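Fold and contact review
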Amino acid sequence: MKVTAVETLSTPAYPNVLWVLVHTDDGLSGLGETFFGPEAVAEHIHRAVAPYLLGEDPRAIERHHSVLGVRVSHRSTGVEARGLSAVDIALWDLYGQSIGLPLFMCLGGPVRDRIRLYNTCAGPGYYTHTPATAGTAFSAAWGLSEPQGLYDDLSAWHRDGQAGGLAQSLLEMGITGMKIWPFDEFADETDGQYITQAQLERGLRPFRQIREAVGDRMEIAVELHSRWSLPAAIRIAGALEEIHPLWYEDPIRMDDPDDLAAFARSTNVPTAASETLAGRYAFRKLLERNAVGVVIFDPGWIGGISEARRVVALAETYHRPVAPHDCTGPVVFTVGSHLCAASPNAMLQEGVRAYYLGWYGEVLTELPAVVDGHVTPPNGAGLGAALRPEFRKREDVIARTSRI
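The structure displayed is predicted, hence computed values, not measured ones.

What counts, and where the lines are drawn
Residues numbered from 1 in each chain as written. Predicted model: local features only at pLDDT ≥ 70, side-chain atom pairs only at ≥ 80, totals over all residues. Heavy atoms only, no water. Phe/Tyr/Trp six-rings, centres within 6.5 Å; stacked < 30°, edge-to-face > 60°. Buried < 20%, exposed > 50% of the residue type's maximum accessible area, 1.4 Å probe, protein only. Pairing = 2+ DSSP bridges. Helix = DSSP H or I, 4+ residues; strand = E, 2+ residues; numbered from the N terminus. Axes fitted to C-alpha atoms, helices over the stretch in contact; angles between N-to-C directions. Contact = heavy atoms within 4.5 Å. Expected span 1.5 Å × (residues − 1). Salt bridge = Lys/Arg side-chain N within 4 Å of Asp/Glu carboxyl O.

Right, let's talk about the packing of aromatic side chains for a bit. Scanning the model with the defined rule gives 17 aromatic pairs in all. The interplanar angle of 55 degrees and the centroid separation of 4.7 Å between the aromatic rings of Phe35 and Phe36 together place this pair among those described as tilted. Classification of Phe36 as partly exposed rests on a relative accessible area of 28%. Three or more aromatic residues link up through ring pairs in this structure, and these residues are Tyr14, Trp19, Phe333, Tyr355, Tyr356, Trp359, Tyr360 and Phe391.

In structure tokens form, the structure reads like this:
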């Protein structure tokens, strides 16, 4: 089997997502995905990755990951890491297809049939936010100004003051975990250097509404998006103690493991980090310093499946659970479900119901099954999913191909 073409696809309809197809001489095509800067990532793939990969056996995944990760990407955390991630996912998809087994079987077989899902409470317009919205108001930056549709969970907890009703709605679907980020809007005023007592009280409102409505039946994760200074993050965590959160996610920037460890020591609530990191080496530093309680990674950013499984194993040696990130795209969601099925220390899979019950189905032929608050990966060969033919035929799809 030889790689005959590497294709990238994007569309303004989903402005942050890049899909990658690796085509072979026996008619199989592997599918990968990454998020942010699709034009730049596509350029990197066609300039630096495709010239190496064309003519190679795609099943030599370890060799390709090593060459692309070190000699081509130089262990970068930017465009190179995202390109490597998308291509690596496509190669694993090809491998599974070539032997007729689903990805979770290729990773050693299932340790569970399904994994519990938590809902990141974004809305239908959330995925359209781009770097161009940086510095704008909270509502514009996170999609509240976009036309809304089914499961507008962001508006429910932020704009409409209905966090309690949102929690009830999720419980009715069997979902017992949710994540919100009400402190983000206050970080704009001081660039996260300080938060007032009045702002703390306002930020606590949706958490209190959830507890008043459903009590402890709902677990609540706190997303802080690395917006805060260390003193401000510690103050926020202290104010939230009464809520008994599931975790505090990315409280400060992920550039100093020692400072993150200081935050972790300030609270009994686990610190979760971080989908923004790439490579096992960054996670090793967090684990060595006891800076992280729950390891979160994004398969489309970390370096693909090859790097994700290394981080899963590394986390297990430190007795830490993992929770794959997905607030990005349908392939990453699918990959996360496979990794959770095959990983003993998987804790939760992230999902956005506005996505997997919405636009994800417009892109892929098959999605992980979400039933009673749990997710099960597709059972087909490889990822068990492909791009829909009608999606590929859309007039607004931008396709670029490198061939032998």
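Right, let's get into the sheet that holds strand β2 (residues 14–24). On the basis of which strands lie adjacent, the open sheet formed by 4 strands has the order β3-β2-β1-β13 and antiparallel pairing. Every other strand in the sheet has two partners, leaving β3 (29–35) and β13 (398–403) as the edge strands with one partner each. Ignoring strand direction, the axes of neighbouring strands in this sheet form an average angle of 20 degrees. As defined by bridge partners, strand β1 (residues 3–11) adjoins β13 across 6 bridges and the pair is classed as antiparallel. Along β13, the bridge assignment pairs Thr8 with Arg400. Running at roughly 150 degrees to β3, helix α3 (residues 79–99) makes contact with β2 and β3 of the sheet. The strands that helix α15 (residues 330–342) touches are β2 and β3; relative to β3, the one it contacts most, it runs at about 105 degrees.

Next up on the list: helix α14 (residues 304–317). Every α-helix carries 3.6 residues per turn, so stepping three or four residues along brings you back to the same face. With 14 residues, α14 should reach 20 Å at 1.5 Å per residue; the first-to-last C-alpha distance of 20 Å fits that figure. For α14, the complete set of buried residues consists of Gly304, Ile305, Ser306, Glu307, Ala308, Val311, Val312 and Ala315.

Next up on the list: the side chain of Asn345. With respect to the secondary-structure elements, Asn345 resides in the loop between α15 and β10 (349–351). A relative accessible area of 10% means that Asn345 is categorised as buried. With residues up to four places along the chain from it excluded, the contact list for Asn345 reads Val312, Ala315, Glu316, Arg320, Pro321 and Val322.

Turning to the pattern of salt bridges, a few remarks are in order. Applying the stated rule across the entire model yields 22 salt bridges. Residues Arg208 and Glu201 are paired through a salt bridge, measuring 2.9 Å at the closest nitrogen-oxygen approach. Looking at Arg208, the relative accessible area reads 25%, which means it is partly exposed. Connected through salt bridges with shared partners, the residues Lys179, Glu223, Glu249 and Glu350 form a single ionic network.

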